[in-house]
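Residue-level structure breakdown
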Amino acid sequence: MFARGPRATAVAALIAGALVASGCATQPDYRPPALAAPAAWSAAVPLPDAAAAFPGDRWWTLLDDSAINELVDHAMADSPSVAQAVARVDEARASLGSDAAQRLPAISLDGTATRARSLGTSAETSATTLETTASAGLGLSWEIDLFGRVRKSVEAARHRLDARTADAAAARLSLAAQVANSVLALRACDFSRTVATEDIRSRESVLALTRRRVATGFVAPVDEARAQSGLAAVRTSLALRNESCVRIVNGLSALTGRDAAQVRSAVPAAGTAAVMPAAAPLALGLPAAVLAAPPAVVAAEREVAASWEQIAVARAERLPRFDLAAAISGQWLRAGGSTLDFTTWALTPTLSAPLFGGGAGGIGGTARFVEILEL
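No experiment lies behind these values; they were computed from the predicted model shown.

Next up on the list: the overall build of the protein chain. Of regular secondary structure, the protein chain possesses eight helices and four strands. Secondary structure of the protein chain in N-to-C order comes out as α-α-α-β-β-α-α-α-α-β-β-α. Here the protein chain holds 375 residues, and 26% of them are scored as buried. Long-range pairs, those at least 24 residues apart, make up 78% of the contacts in the protein chain between residues at least 6 apart in sequence. As displayed, the protein chain has an accessible area near 23,200 Å², and 61% of this comes from carbon and sulfur atoms.

Set out below in structure tokens:
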């Protein structure tokens, strides 16, 4: 039990005053800037009644393409950029937890035990004395958040977590778009190769007929040379298209972590028919503020919010801090056949204010503290 008296009353009054003052803040809370955007699209396109809703993160599933779905899933599982973005999200979440822990009291448990032997050196006695000492206790420390330093630190960490989450979404969006575009480019390349192959066959037939006509004297030899030149040009174009298709396959292999054979198994060579997927119509009933929806824009806005809160943290660092510490411990002492035990406790409120910190704090911070108290 704590004794009641003038000192206890003063301590209670000091703690109560600190708790009341903890509602103070060095600056207002962050408010995102208002966007002067129209409420609707200026030229809305009528959509059918069966328009699909936007699927969110898995937007590529609207293409209903098994090859894109398979390769995107492999890319998401094996991409170092996505793994790095996710690791940064975990790092930001851990930082948020560390900052949030500062709002709660820290409790520690301490215990010591000592066994000592001493020899008498006086003329009266030379007996050996064995002494046992033990102590155990609890310690508590808590910073009363007078000017929102801890609260603003938590808000800044939360905004940075949102920014890293948006960065991860941007990495996923970019990777999925690269895979989908590469699949479509590979199919277009395969289709152009098919067209070029058919063109070569046609030109070979034309060249054979031209040679017969030259042999019979119906056309001049220059027509045969012109046919040969056209055939050589198409063959050169087919070789370049083959090389381009190989580069696309290698790019998909690098994106997805699959080898070339597995990529070709997912995206087989197309025939003469086009195999491009058709996306379902979307019900995009969105205002022009959709320009603020990309993950990169969201991440930048969250970084601005975190910087705003960090300014408040820097201002609070220049103002006084109030720390509350308490400790209670039990002591046990046994020596010379006698035993002694007792309990001690302490309550230590501390108010500290910076005077000079080489620019980090100092008289300006104390003046700001007086200014706040006068408001």
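Next up on the list: the pattern of salt bridges. By the definition in use, this model includes 23 salt bridges. Between Arg201 and Glu198 there is a salt bridge, with the nearest N and O atoms lying 3.2 Å from each other. Of the two residues, Arg201 and Glu198 are both situated in helix H4 (residues 149–216); the distance of three residues between them amounts to about one turn of the helix. The class of Glu198 is partly exposed, set by a relative accessible area of 39%. In this structure, a network of salt bridges that share partners links the residues Asp29, Arg151, Lys152 and Glu309.

Here we take up the packing of helix H3 (residues 80–100) against H4. For the pair H3 and H4, the least separation of the axes is 9 Å and the interaxial angle reads 170°. Considering their axes alone, H3 and H4 lie roughly antiparallel with respect to each other.

Next up on the list: the environment of Leu63. In this structure, Leu63 sits in the loop between helix H1 (6–21) and helix H2 (66–78). Relative accessible area serves as the criterion here: at 16%, Leu63 is assigned to the buried category. Along the sequence, Leu63 and Ala278 sit 215 residues apart, while their C-alpha atoms lie 6.0 Å from each other. Leave out the neighbours within four places in its chain, and Leu63 touches Ile68, Pro277, Ala278 and Ala279.

The rules we used
Residues numbered from 1 in each chain as written. Predicted model: local features only at pLDDT ≥ 70, side-chain atom pairs only at ≥ 80, totals over all residues. Heavy atoms only, no water. Helix = DSSP H or I, 4+ residues; strand = E, 2+ residues; numbered from the N terminus. Buried < 20%, exposed > 50% of the residue type's maximum accessible area, 1.4 Å probe, protein only. Contact = heavy atoms within 4.5 Å. Areas by Shrake-Rupley, 256 points an atom, 1.4 Å probe, with all protein chains shown as cover. Salt bridge = Lys/Arg side-chain N within 4 Å of Asp/Glu carboxyl O. Axes fitted to C-alpha atoms, helices over the stretch in contact; angles between N-to-C directions. Parallel < 35°, antiparallel > 145°, perpendicular 65-115°, else oblique.

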